[in-house]
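Tertiary structure, described
This is what each chain is made of:
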2 protein chains.
Amino acid sequence: MKYFEDFPVGHRRELGTTSVTEDEIVRFAREFDPQPFHIDRAAADASFFGGIIASGWHTCSLAMRLIVDGFLSQAASMGSPGVDAVRWKKPVRPGDRLTLFATTIAAKASATKADRGILTSDMEFIDQHGDVVMTMTAMTMLGRRPSA
Amino acid sequence: MKYFEDFPVGHRRELGTTSVTEDEIVRFAREFDPQPFHIDRAAADASFFGGIIASGWHTCSLAMRLIVDGFLSQAASMGSPGVDAVRWKKPVRPGDRLTLFATTIAAKASATKADRGILTSDMEFIDQHGDVVMTMTAMTMLGRRPSA
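Presented here is an overview of the structure given in this document. (Residues numbered from 1 in each chain as written. Chains lettered and ligands numbered in written order. Predicted model: local features only at pLDDT ≥ 70, side-chain atom pairs only at ≥ 80, totals over all residues. Heavy atoms only, no water.)

Relative to chain B, chain A is turned by 180° and slid 0.0 Å along the rotation axis, the superposed coordinates differing by an RMSD of 0.0 Å. Expressed as an axis order, the relation between the two copies is that of a two-fold axis. When each C-alpha of chain A is compared by its distance to the rotation axis, Asp84(A) comes out closest, at 2.5 Å. Residue by residue, 97% of the interface of chain A is reproduced at the interface of chain B, so both copies engage with the same surface. (Least-squares fit on C-alpha atoms with pLDDT ≥ 70 in both. Contact = heavy atoms within 4.5 Å.)

Listed by partner, the interface residues are 34 residues for chain A and 34 residues for chain B. Between chain A and chain B, roughly 2,900 Å² of surface is buried when both sides are summed, and carbon and sulfur atoms account for 60% of that area. Counting across the chain A and chain B interface gives four salt bridges. For Arg87(B), the salt bridge identified is with Asp84(A), shortest N-O distance 3.0 Å. The interface formed by chain A and chain B includes 20 residue pairs in polar contact (both at pLDDT 80 or more). Considering only residue class, the side of chain A that touches chain B consists of 20 nonpolar, six polar and eight charged. Inspection of the sheet shows strand 2 (residues 82-88) of chain A paired to strand 2 (residues 82-88) of chain B by four bridges, in the antiparallel sense. (Buried area = accessible area lost by both parts, 1.4 Å probe. Salt bridge = Lys/Arg side-chain N within 4 Å of Asp/Glu carboxyl O. Polar contact = N/O pair within 3.5 Å; in protein donor to acceptor, adjacent residues only side chain to side chain. Nonpolar A, V, L, I, M, F, W, Y, C, P; charged D, E, K, R; others polar. Pairing = 2+ DSSP bridges. Helix = DSSP H or I, 4+ residues; strand = E, 2+ residues; numbered from the N terminus.)

Orientation of helix 1 (residues 22-32) of chain A relative to helix 4 (residues 56-70) of chain B, taken along the N-to-C sense of each, is 65°, at an axis distance of 8 Å. Judged by the angle between their axes, helix 1 of chain A and helix 4 of chain B are roughly perpendicular. Contact residues: helix 1 of chain A offers Phe28(A), Arg30(A), Glu31(A) and Phe32(A), while helix 4 of chain B offers His58(B), Ser61(B), Leu62(B), Met64(B) and Arg65(B). Here the residues of the contact of helix 1 of chain A with helix 4 of chain B sort into four nonpolar, two polar and three charged. (Axes fitted to C-alpha atoms, helices over the stretch in contact; angles between N-to-C directions. Parallel < 35°, antiparallel > 145°, perpendicular 65-115°, else oblique.)

Interpretation in functional terms is not warranted from these geometric data alone.
Below you can see the structure in the form of structure tokens.
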């Protein structure tokens, strides 16, 4: 198990790689974001995106899966108060392979609860061309290492 | 069709109401956020949440569906550069009914592209008890009204 103390400011970690298919993009968007450029190939081809692209919330959700598998599942996670500065910088397209990196930019022990602290991490989601498709700043509440 | 000019600063709109079941919460979380308090009822009951709660990204995605159905599908939407200050303020639980409100806080015509502008809107997602479960500040690129 990893704790708040294991991710000091400046700590950089690679959280894993995922990919996404056109079927997955369309299925997510039919449920949550049914804009034509997410769900209709002909409309998407004719749009200024020039083809099907993933909902930005799908991209966030793909990143979250890597955050769970590559970070939270091995750490004393206590949930998150939120995220800041989500930026969808390049459209995510079918077949893209995306790798997530996180860097701790702040680590603040709770002033009122001695058992926890909040990490703030800059996240970068990078595609197979090395281009940044999304960035965000995520807060994570983590348990502190118990005293020996 | 509605345009950038139809949503001036101070414009407040109700975008619709949705609800979420335990099955939907678990299905979303198994795919994107498989933390025990999202997918395992016994583990969730024993956690500090005291029961299954929705992934924060599921809550965002439920809000997005209302944004599409109640706003973007009737407007000249050109995508979004991102969102700021997403805050998960109260856990969303099975059976909750959530209503989304948006208020324009900034409306900036593009300096370089005469056909579009960016709206910035504060979003509030309110449950059946009148409590705020999530807030965020969303940017939306919208086409400007064509000249007559």
